[in-house]
Each structure stands twice: as C-alpha cells, then as structure tokens.
Amino acid sequence: MSGDIAGLTAEALREIARAEDARAIEAIRVKFFGKKGAFAEAQKALAALPPAEKPAYGARLNDARKQIEAALGERAALLEKAALSARLLGESIDVTLPGRDGREGGLHPLTEVSRQIFRIFESMGFAVFEGPELEEEYYNFDALNIPPYHPAREEQDSFYVGSDRVLRTQTSPMQIRVMQRFQPPVAAISPGRCFRRDAVDATHLHTFHQVEGFLVDKGVTMADLKGVLTSFAQRLFGADTKIRFRPDFFPFVEPGAEVAISCFACHGKGCRTCRQSGWIEIGGAGMIHPHVFTAVGYDYETYSGFAFGMGIERMVMKKYSVPDIRMFYENDMRLIGQFR
Ligand code: FA5
C-alpha cells in the first residue's frame, strides 16, 4: 500500500511539472483530489485496513496530499507569472515612436506682427498702454475735438451702448487717457481692438485692430513724426521702405496726414499689391491739436506732439500679401500654418 502512495505522488508530480496552463493544473487537481479521484480511492483503502496499520498509512497519505497540493500551488503561480509576462510583452508600448499628431503650434500672424510692432516702438522708448474697448463717448469723441454735431462722428459709424458709451471706433481715446495721467515728456503706444459698423469686405471688418502712438515734448515737429514712422516702417517692412505723407483731415490733429509706405512688393514701381500706385496706405497721423492739449490740461504754447494710428490687419495683409482681411478670422490652418 505504501508503494502505491509513493507511485501516486511521483505520478502527480510528473504531471504537474508538465502542466502548461491553469486548465491542466485544474485537471490534475480533479484527477487526484476529486470525488472519484486517486486520493478518494486511497481513502477507501484506508478504511479497509486493519486498525493497527491505519495511523501510519493515514499519516503518509496526508503527507502525500500536502506535497502534491504544494506542487500544484507552486506550478499554478509560476504559470500565472509567465502568462502575465507574455501578455505584457505583447502589449508593450514603444515610447520612442514619434507621436501621431506631432504638428508644431505657432502664433497667429496678427499676434506675431503685433509683437514685432510693440518691440520696435519699445526699442524707441515708447511705453505700451492698453485701454477699455467699451469707451465713454467723451474719450472717443469729445476730448478728441469731435463735438456732437461733427460729421466725423457719422464717418465712423459706431456701436453705442446706452446713451453715452460706445465700443471704441479707434485707439485715439488712449491719447487722452494717458495724457491725463502723465505730464510731458511722454511717448506711448496703445494697441487694441476697435469696432465700427462698417460693411465687411476684403479690406473692412466690424472688429479690427489699431495701434495708436503719440509723443509730446517741447519742440516736437512733423519731422520727428516722419523720422519715427520711417524708422518703424523700415524695421517692419524692410530697410528700403519709404514713407509718404499726404494732407488728410482728422479733428484731433493739425496738420493731419495720410501715411503710406512704398510698396514692398514692387518697391514703388506699381503692382497688384499696391493697385499700381506704388504706395500702400497704413494709417493716419499728424500734430496733436491744441484743443486736445486743452482737454487734458497741457499748455499748447509750451508743448507740441505728434500722433499716429495704424490698422494692424491692413499692415499684416500688406506684409504677407494676404488678399482678404477676413482670412485672419477664418482660422483656416492652410493660411495660419504658413506663419510658423
Ligand atoms: C483713425 O482711426 C484715426 N484715429 C487715426 C489717427 C490717429 C489719425 C492719430 C491721426 C492721429 P482711420 O479711420 O483712417 O483713422 O483708421 C486708421 C486705420 O485703421 C486705417 O488706415 C485702416 O488701416 C484701419 N481701419 C479703419 N477701419 C477699418 C476697418 N473697418 N477694418 C479694418 N481696418 C480698418
């Protein structure tokens, strides 16, 4: 009988060692420890033994059971571990593979050129101020020498909010706000969004950006204005850029001028970009009107100053030959992606 137990144990251990997966382990467990298994048979044999032999046989049977159960447990754990490593190996991720969407981001052309504009003026000593988009009528018009009956109010068709506030039609009100805060000498630029009830087309938006600039000190002349704008234009558009002033009217400057730059596409010869004129208009400028100085409490006998206001979208259009101003706001990556 004892030989049977040894043989049974050896057979079980052999089968366990050969088991390749959890199902095989379970089959061995059933074969040896199931209701009709080898150990159930051995148990029956135990019952039939003479009483004197039972304890020793029972003890050996127990030892054999423990040994086989331990071997089953060990093998099951080993197989589980191997299965896990095989699965992990199959599922492994190559972290060195390039990402699926590796496109590089970039600044919007308006942001990019605005930053260039700020850097140029800052390097010339102009401070940057930002002001409210919802502006008091007083700052947008009255203080800028545009009284209520003035036709210039009609020219810049405005969005009114309530009876005395307006979405600013220009950045010029920032001249007033900054001059009220600081005594001369003062040199500042003020970029920002402006709003007009203009019909939208290839060169007009209802919401667009301007950059205002002005400088007040003793003895400032139109030559200073021309020098600053020439230097600005040459740095933004190219060293051979020329500036042209033509008389124009803005109530808050006297004299006033329309500012144009020589076409950077054809260098003044005439082409599609400049509509054959050789010149591209970028904004308005002039010497600050005495009425404006009076409104902010500056003495116009002592001080003089210049001011200018330019459209940012229009400058970017010209710089990059963008044919339609609406393209800046369509967020078409085919356009925006070119400026990275
Ligand atoms: C003005 O707004 C004056 N405040 C400029 C100024 C400042 C003159 C200081 C003198 C001294 P104007 O209305 O021309 O001027 O507008 C200036 C620029 O803003 C235009 O040359 C154009 O580039 C841009 N602009 C005007 N309206 C629009 C619009 N609807 N869409 C896009 N850009 C516009």
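Bear in mind the structure is a predicted one, so any value in this text is a computation, not a measurement.

Time to look at the site of the ligand. Near the ligand you find 25 residues, and of these Gln170, Ser172, Arg196, Asp198 and Leu205 are the closest. Contact between the ligand and Leu205: a nitrogen atom at 2.9 Å from a main-chain N or O atom of the residue. Gly311 places a polar main-chain atom, nitrogen or oxygen, 3.4 Å from an oxygen atom of the ligand. Across the complex, the protein chains shield 93% of the 680 Å² of accessible surface that the ligand would expose by itself.

As a further point, take the sheet that holds strand β1 (residues 127-128). The strands that make up a sheet pair up through hydrogen bonds in the backbone, lying either parallel or antiparallel. Pairing is mixed in the open sheet, where 7 strands are placed in the order β1-β5-β6-β10-β9-β8-β7. Among the strands making up the open sheet, the edge pair consists of β1 and β7 (243-248). By the bridge criterion, 5 bridges tie strand β9 (residues 279-288) to strand β10 (residues 304-311) in an arrangement that is antiparallel. The residue of β10 that forms the bridge with Gly283 is Met310. This element, helix α5 (residues 109-123), spans β1, β5 (186-195), β6 (207-217) and β10 of the sheet and lies at about 165 degrees to β5.

Time to look at the pairing of β9. For β9, a buried count of 8 out of 10 residues is recorded, marking the element as mostly surrounded by other parts of the structure. Pairing between strand β8 (residues 253-262) and β9: 8 bridges, direction antiparallel. Each residue of the ladder has a partner; that of Glu258, found in β9, is Gly284.

Before going further, it helps to spend a moment on the state of the cysteines. As used here, a disulfide is simply a covalent bond connecting the sulfur atoms of two cysteines. Taken as a whole, this structure holds 0 disulfides when the rule is applied. In this structure Cys263 is not part of a disulfide, and its nearest cysteine sulfur, from Cys266, lies 3.6 Å away. Taking the relative accessible area as the measure of exposure, Cys263 reaches 1% and is therefore buried. Cys266 provides the cysteine sulfur closest to Cys274, a residue in no disulfide bond, and the two sulfurs are 3.7 Å apart. Classification of Cys274 as buried rests on a relative accessible area of 4%.

Cut-offs used in this document
- Residues numbered from 1 in each chain as written.
- Predicted model: local features only at pLDDT ≥ 70, side-chain atom pairs only at ≥ 80, totals over all residues.
- Heavy atoms only, no water.
- Near = heavy atom within 4 Å.
- Polar contact = N/O pair within 3.5 Å; in protein donor to acceptor, adjacent residues only side chain to side chain.
- Areas by Shrake-Rupley, 256 points an atom, 1.4 Å probe, with all protein chains shown as cover.
- Pairing = 2+ DSSP bridges.
- Helix = DSSP H or I, 4+ residues; strand = E, 2+ residues; numbered from the N terminus.
- Contact = heavy atoms within 4.5 Å.
- Axes fitted to C-alpha atoms, helices over the stretch in contact; angles between N-to-C directions.
- Buried < 20%, exposed > 50% of the residue type's maximum accessible area, 1.4 Å probe, protein only.
- Disulfide = S-S within 2.5 Å.

The analysis is restricted to geometry; functional conclusions fall outside its scope.
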